[in-house]
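Geometric and topological summary
Residue-level listing of the chains:
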Amino acid sequence: MAALSIFCSFEDARVVLTSTTSRQVDTILWREIKKLISIQLPVEIFFKLGDSRKWHLYLGTIPQPARALVLNFVRAQGYFMLDGDKIENFPTANGTVTLPGIAFAIGIQASLLLGSERARLYLRCAAEAHLGVAFSPFFIAGTIKLIGELRLFIVSIEATGSLTVEAPDPTVVHGEVC
């Protein structure tokens, strides 16, 4: 099996392209722009000749999402997965599920920390959202979560909220605010 690697460097930016002859192309794009933003984006494109269901396009994955760090205090990660056969380990309120047949999954998480956890004086906020859709049979699942904490030395105020949806058979909508 032969492999092709390309490396390009432009001052503070680096682009790495990797491909193999097994009809799978793995690309990692990583850029750093003067310490303001750092992005890591794993890309995978796959297709199998002779089996039209075996193909996928992944921009990040559930276990290995794309990542970004903005201004060294906002962290984000996410994924977009489109698959002709199945997407495994999609997160739902009741654990992970497999999205069968042609399916897509998208998810994003972001968090920020202002202040110092060590000094116990900080504001921490986080949000995440996941959506998965399978078309054969039709199934949809989604989750949204919000978390916040304000810590002032010995006093702490926290708030959380979540909403989950799964449909059909049965359709379940569940929300919590605390």
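Refer to the structure printed above.
We now turn to the structure provided with this report. Predicted, not measured: the structure shown is a model, and the values here were computed from it.

Some details on the overall build of the protein chain
Summing up its helical and strand segments, the protein chain has zero helices and 14 strands in all. The order of helices and strands in the protein chain, counted from the N terminus, is β-β-β-β-β-β-β-β-β-β-β-β-β-β. Burial status across the protein chain gives 24% buried among its 178 residues. Restricting to contacts in the protein chain with at least 6 residues of sequence separation, those with at least 24 account for 33%. Counting every atom, the protein chain has about 11,700 Å² of accessible surface; 65% of that belongs to carbon and sulfur.

Overview of the environment of E117
Tracing the sequence through the fold places E117 in the loop between β10 (103–116) and β11 (121–135). In this structure E117 comes out as partly exposed when scored by relative accessible area, which is 40%. Sequence separation between E117 and F153 is 36 residues, and the spatial gap between their C-alpha atoms is 9.5 Å. In contact with E117, other than residues within four places in its own chain, are Y122 and R124. Only 2.5 Å separates the side chain of E117 from the side chain of R124, close enough to count as a polar contact.

Some thoughts on the pattern of salt bridges
According to the stated counting rule, one finds five salt bridges in the structure shown. We note a salt bridge from R124 to E117, for which the minimum N-O separation is 2.5 Å. Take R124: its relative accessible area is 31%, and that puts it in the partly exposed class. The partner of R124 in a salt bridge is E149, with the nearest N and O atoms 2.8 Å apart. Of this pair, R124 sits in strand β11 while E149 sits in strand β12 (residues 138–152), and the two are 25 residues apart along the sequence.

So, unusual backbone geometry
That bond from A167 to P168 is cis: its omega, -20°, falls within 30 degrees of zero. Of note, the amide linkage connecting D169 to P170 takes the cis form, showing an omega dihedral of -15°. In the Ramachandran plot, D169 falls in the positive-phi region, its phi being about 50° despite a non-glycine side chain. Relative to the assigned elements, D169 resides in the loop between β13 (155–167) and β14 (172–177).

Digging into the nonpolar core
Membership of the largest hydrophobic core is limited to eleven residues, which are Y58, Y79, M81, I87, F90, L99, A103, A105, A134, F139 and A141. Broken down by secondary-structure element, the contributors of at least two residues to this core are β7 (74–83), β8 (86–92), β10 and β12. In this view, Y58 contacts P42, V43, E44, F80, M81, L82, D83 and K86; residues no more than four positions away in its chain are not counted.

A word on the packing of aromatic side chains
Evaluation of the coordinates by the stated rule reveals one aromatic pair. When the ring of F104 is compared with that of F135, the centres are 6.4 Å apart and the planes differ by 35°; the resulting orientation is tilted. Residue F104 is found in strand β10, and its partner F135 is found in strand β11; the two are separated by 31 residues along the sequence. Of the residues examined, F104 reaches a relative accessible area of 23% and is grouped as partly exposed. Overall, the relative accessible area of 47% leaves F135 in the partly exposed class.

As for a nonpolar patch on the surface
A surface patch of nonpolar side chains, about 1,100 Å² in accessible area, is lined by L36, L71, F73, L114, L121, L123, L150, L152, F153, I154, V155 and I157. For the nonpolar patch, the secondary-structure elements that each account for two or more residues are β11, β12 and β13. Turning to its location among the elements, V155 is positioned in strand β13. For V155, a relative accessible area of 46% translates into the label partly exposed.

Rules of the game
Residues numbered from 1 in each chain as written. Predicted model: local features only at pLDDT ≥ 70, side-chain atom pairs only at ≥ 80, totals over all residues. Heavy atoms only, no water. Helix = DSSP H or I, 4+ residues; strand = E, 2+ residues; numbered from the N terminus. Buried < 20%, exposed > 50% of the residue type's maximum accessible area, 1.4 Å probe, protein only. Contact = heavy atoms within 4.5 Å. Areas by Shrake-Rupley, 256 points an atom, 1.4 Å probe, with all protein chains shown as cover. Polar contact = N/O pair within 3.5 Å; in protein donor to acceptor, adjacent residues only side chain to side chain. Salt bridge = Lys/Arg side-chain N within 4 Å of Asp/Glu carboxyl O. Core = buried A, V, L, I, M, F, W, Y, C linked by side-chain atoms within 4.5 Å. Phe/Tyr/Trp six-rings, centres within 6.5 Å; stacked < 30°, edge-to-face > 60°. Patch = residues over 30% accessible without salt bridge, like charges linked within 9 Å, V, L, I, M, F, W, Y side chains within 5 Å.

Don't take any of this as a statement about function, it's just geometry.
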